[in-house]
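# Fold and geometry: a report
As a plain string of letters, each chain reads:
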Amino acid sequence: MKKFTLHKGTVAPMDRANVDTDLIIPKQFLKSIKRSGFGQNLFDELRYLDEGQPDQDASQRPLNPDFVLNQPRYQGASVLLARKNFGCGSSREHAPWALEDFGFRAIIAPSFADIFYNNCFKNGLLPIVLDEAVVDQLFDELQATEGYALTIDLEQQVVCKPDGSKIEFSIDAFRKHCLLNGLDDIGLTLQHADDIHAYEARRRVAAPWLFDTTK
Amino acid sequence: MAGKTLYDKLWQDHLVRQNDDGSALIYIDRHLLHEVTSPQAFEGLRLANRKPWRIDANLATPDHNVPTTDRSSGVQGIVDPVSRIQVQTLDDNCASFGITEFKMNDLRQGIVHVIGPEQGATLPGMTVVCGDSHTSTHGAFATLAHGIGTSEVEHVLATQCLITKKMNNMLVRIDGELGTGVTAKDVILHVIGVIGTAGGTGYAIEFGGTAMRSISMEGRMTICNMAIEAGARVGLVACDQVTVDYVKGRPYSPKGEDWDRAVEAWKDLVSDADAQFDAVVEINAADIEPQVTWGTSPEMVTGISGKVPNPAAETDAVKREGYSRALQYMGLQADQDITAIQLDRVFIGSCTNSRIEDLREAAAVVKGHKVASTLKQALVVPGSGLVKAQAEAEGLDKIFIEAGVEWREPGCSMCLAMNPDKLGAGEHCASTSNRNFEGRQGFGGRTHLVSPAMAAAAAIAGHFVDVREFVKH
């Protein structure tokens, strides 16, 4: 997994609540058996004027000029500023894959849906929860300032604004550790293989009907 | 010391290791797989040269991409090449790793959340995960069940565990009696309307109260299925005799002495009387009328006697903006009667409402009627091959076909339109599925979530009607 330590990037706004995973990446693109290439279909229904299809050359499609990510001032943005309950809906990891593939490294919102939030960490994408009032303020500043950029310091758990002021955020110690070091969850868990075997041995005695079922 | 909630007990029973940093390793008893969220996980296993930890904990079926029309040509008959490759990839992965799969033309194939319980692969007291957010469905069996992403699918395959963190406990207590014509679907839509789509974020919701005890397993599954639409990854219902009766005699259910031991153990799968919940929501069952969603989020819902809301009446700016955008997308007017919404298509199916009881409810309404001539299509998609066979044995297929409703092969179908069943732009659909997001059922499609009985009545009338009045006449 890609490490996340310190990131400075320009910010793009997604100014609506309850952005769902169907909006982030529509279902027709979930047919891919690959893990990459979803960036060109991020927010597909908002971003293009036509209905997107898998394996299409996105550069030939008509862009929606009104959609925020198509506006020149937000080109190259790597931090997404969003509203509450971002990522609600399905468990499709294609949503963080699309955001990451597009170029986003962090998302700031007042709240995230649980599964989406969890999926982000598996892909080196940092979701940051800030108070709604703070997010409101960031939206205002972003609107007012072309090229508005934020620096995110995961080690210190702070978002640094252009004026040098800092906003603290909280994050689980385990998730932080994994992101900072780009660690593979499976490798970590397999270090506890003895614990898993011991659990299974106990469980086989207590609830034998849970084993050897579909075989 | 306060008693434990059902969630606390399930958590404790599956805890392999509690780490100092607050994360924990929990054991997964059952892993369900389908074609959409698993290919990258199998690929990850291969790249790292890893093997599944415990083959017999896994069960797979293709459901999202499968056609619901003629399947006599098998996987090669799937017209969309991208869909075909995805279904074929699941078959190949299951064959190469030795995982049991109910393939597309197996009678037992169906929507993964229908077949788990149907086969007894979902049992009380288990942990069940699947790369699908509607895995919350299985919580109806007092099972700790939730959706996971593809990285976690790979993690569960490789380790039989998940790294996770304990959720908070919420009790949604539904007391009293449901009115005639009011179903489990109306209950959960009403609950989402009350607590909102983020109301359950961070919580495991237990649905309790006197009304829950009289709701069937099918109804409990419908309710837990949509816990995720209230933001909660986990929905739960305590185990009782209704649960035990449903599980008994299913192919993967325990037998003989194991059965007796299991039933004894399952008696503890209830929240203790003195258990403390972090949040409690009280709902009076008698307050619930048949529900219809009018917007693009499941919380945008009202009763059949209601009206489309007026955004101007909303004080919260973000909400007002959301309402306006939803009305524009849905092509609806503020203050319009719900019954005035004209429909183009009706879809009865999905992991929310495609079980035998759902089909019986819908058939009872359409029996002896014809689908409105203004409708482009009404279709019923059973949740599994076995549900389909059962319905046909009861003659339900004939009732639907005589009414002008299409009778299809099992799969997810128009719930998310990954197969050819989809809405055209601007079309309104009365759907028994779970999400009314923009474009969910097809590019530009407009979804209204309802119960099977309400969908059936709407199919006959061509617009929404109160199924309670409809049945009287």
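Let us look at the overall build of chain A. Counting secondary structure elements, chain A contains 8 helices and 7 strands. C-alpha atoms of chain A, sized along the principal axes, occupy 65 × 45 × 25 Å. Classification of the 215 residues of chain A by burial places 61% in the buried group. For chain A, contacts bridging at least 24 residues in sequence account for 63% of all contacts bridging at least 6.

So, about the nonpolar core. Within the largest apolar cluster, 111 residues are counted, with the highest numbers of intra-cluster contacts made by Phe-43, Phe-86, Leu-99, Ile-108 and Leu-126 of chain A together with Phe-464 of chain B. Looking at this core, the element that brings in the most residues is helix α15 (residues 452-461) of chain B, giving 8 residues. Once residues within four sequence positions are removed from consideration, Phe-464 of chain B is found in contact with Val-292, Ile-304, Ile-338, Thr-339, Ile-341, Leu-343, Ala-430, His-448, Val-450 and Ala-458 of chain B.

Our next topic: the packing of helix α2 (residues 39-47) of chain B against helix α3 (residues 81-97) of chain B. Residue and element names in this part refer to chain B. Where α2 meets α3, the closest approach of the two axes is 10 Å, and the angle between their N-to-C directions is 40 degrees. Classified by the interaxial angle, the pair formed by α2 and α3 is oblique. In this structure, α2 crosses over α3, and the sense of that crossing is left-handed. Residues Pro-39, Phe-42, Leu-45 and Arg-46 of α2 touch α3, and the partners they reach there are Gln-86, Thr-89, Asn-93, Ser-96 and Phe-97. Taken together, the residues of the contact of α2 with α3 sort by class into 4 nonpolar, 4 polar and 1 charged.

Time to look at the side chain of Ser-253 of chain B. Assignment of secondary structure puts Ser-253 of chain B in the loop between α9 (241-247) and α10 (256-266). Non-local contacts of Ser-253 of chain B, meaning those with residues more than four positions away in its chain, are made with Gln-119, Gly-120, Leu-123 and Val-247 of chain B.

All names here are of chain B. Alternating residues of strand β2 (residues 24-27) divide into Ala-24 and Ile-26 and Leu-25 and Tyr-27, and every residue in both groups is buried. Summarising the sheet, strand β1 (residues 15-18) and β2 pair through 3 bridges and their orientation is antiparallel. Within β2, the residue paired with Arg-17 across the bridge is Leu-25. Hairpin connection of β1 to β2: 5 residues between the antiparallel strands, including Gly-22 at a positive phi of 95 degrees. Here 4 bridges tie β2 to strand β8 (residues 161-164), and the two strands are oriented antiparallel to one another. Each residue of the ladder has a partner; that of Ile-26, found in β8, is Leu-162.

The domains assigned to chain A are domain 1 (6-183) and domain 2 (184-215). The C-alpha centroid of domain 2 of chain A is placed 36 Å from the C-alpha centroid of domain 1 of chain A.

Okay, empty space enclosed by the protein next. If you walk through the whole model with that rule in mind, you get 3 cavities of 30 Å³ or more. Quantified by volume, the largest cavity comes out at close to 210 Å³. Lining the largest cavity we find 24 residues, and of these His-64, Asp-132, His-134, Leu-416 and Arg-440 of chain B sit closest to its centre. In terms of residue class, the lining of the largest cavity is built from 9 nonpolar, 10 polar and 5 charged. Along the walls of the second largest cavity sit 16 residues, with Cys-88, Gly-89 and Ala-113 of chain A together with Ile-228 and Gly-231 of chain B positioned nearest its centre.

With that settled, consider the packing of helix α3 (residues 94-102) of chain A against helix α4 (residues 114-121) of chain A. Residues and elements named next belong to chain A. Close contact between α3 and α4 brings their axes to 9 Å; oriented N to C, the two are set at 50 degrees. In this view, α3 runs oblique relative to α4, as classed from their interaxial angle. Between α3 and α4 lies a crossing of right-handed hand. Seen from α3, the contacting residues are Ala-95, Pro-96 and Leu-99; seen from α4, they are Phe-116, Asn-119 and Cys-120.

Attention now goes to the state of the cysteines. Should the sulfur atoms of two cysteines be covalently bonded, the bond is a disulfide. Residues and elements named next belong to chain B. The tally for this structure, following the rule as stated, stands at 0 disulfides over all chains. Looking at Cys-224, it has no disulfide partner, and the nearest cysteine sulfur is the one in Cys-351, 12 Å off. For Cys-224, a relative accessible area of 0% translates into the label buried. Cys-351 takes part in no disulfide bond, and the closest cysteine sulfur, belonging to Cys-415, lies 5.9 Å away.

Once that is clear, we can look at the interface of chain B and chain A. Opposite the 80 residues of chain B that make contact, chain A presents 65 residues. The three residues of chain B that bury the most area against chain A are Gln-40, Trp-53 and Phe-443 of chain B, which together make up 12% of that side's buried surface. Run the count over chain B and chain A and you get 8 salt bridges. Across the salt bridge formed by Asp-184 of chain A and Arg-50 of chain B, the nearest N and O atoms sit 3.2 Å from each other. Per-element tally for the side of chain B that touches chain A: the top contributor is helix α5 (residues 150-159) of chain B, with 7 residues. Of the residues assigned to the side of chain B that touches chain A, the class counts are 31 nonpolar, 28 polar and 21 charged.

Before going further, it helps to spend a moment on the domain arrangement of chain B. All names here are of chain B. Structurally, chain B comprises domain 1 (1-288) and domain 2 (291-472). For domain 1 and domain 2, the distance between their C-alpha centres works out to 24 Å. Taking both partners together, domain 1 and domain 2 bury about 3400 Å²; carbon and sulfur atoms supply 59% of that area. Sorting the residues of domain 1 by area buried against domain 2 places Thr-68, Ile-111 and Lys-185 first, and these three jointly supply 19% of that buried surface. Our count for the contact surface shared by domain 1 and domain 2 stands at 1 salt bridge.

Criteria and cut-off values
- Residues numbered from 1 in each chain as written.
- Chains lettered and ligands numbered in written order.
- Predicted model: local features only at pLDDT ≥ 70, side-chain atom pairs only at ≥ 80, totals over all residues.
- Heavy atoms only, no water.
- Helix = DSSP H or I, 4+ residues; strand = E, 2+ residues; numbered from the N terminus.
- Buried < 20%, exposed > 50% of the residue type's maximum accessible area, 1.4 Å probe, protein only.
- Contact = heavy atoms within 4.5 Å.
- Core = buried A, V, L, I, M, F, W, Y, C linked by side-chain atoms within 4.5 Å.
- Axes fitted to C-alpha atoms, helices over the stretch in contact; angles between N-to-C directions.
- Parallel < 35°, antiparallel > 145°, perpendicular 65-115°, else oblique.
- Left-handed = near helix turned anticlockwise from the far one by under 90°.
- Nonpolar A, V, L, I, M, F, W, Y, C, P; charged D, E, K, R; others polar.
- Pairing = 2+ DSSP bridges.
- Domains from an automatic or database assignment.
- 1 Å grid on protein atoms, 1.4 Å probe; cavity = no way out; pocket = protein on both sides within 12 Å on 5 of 7 lines; lining within 4 Å.
- Points joined across faces, edges and corners; volume = space filled by probe spheres on them.
- Disulfide = S-S within 2.5 Å.
- Buried area = accessible area lost by both parts, 1.4 Å probe.
- Salt bridge = Lys/Arg side-chain N within 4 Å of Asp/Glu carboxyl O.

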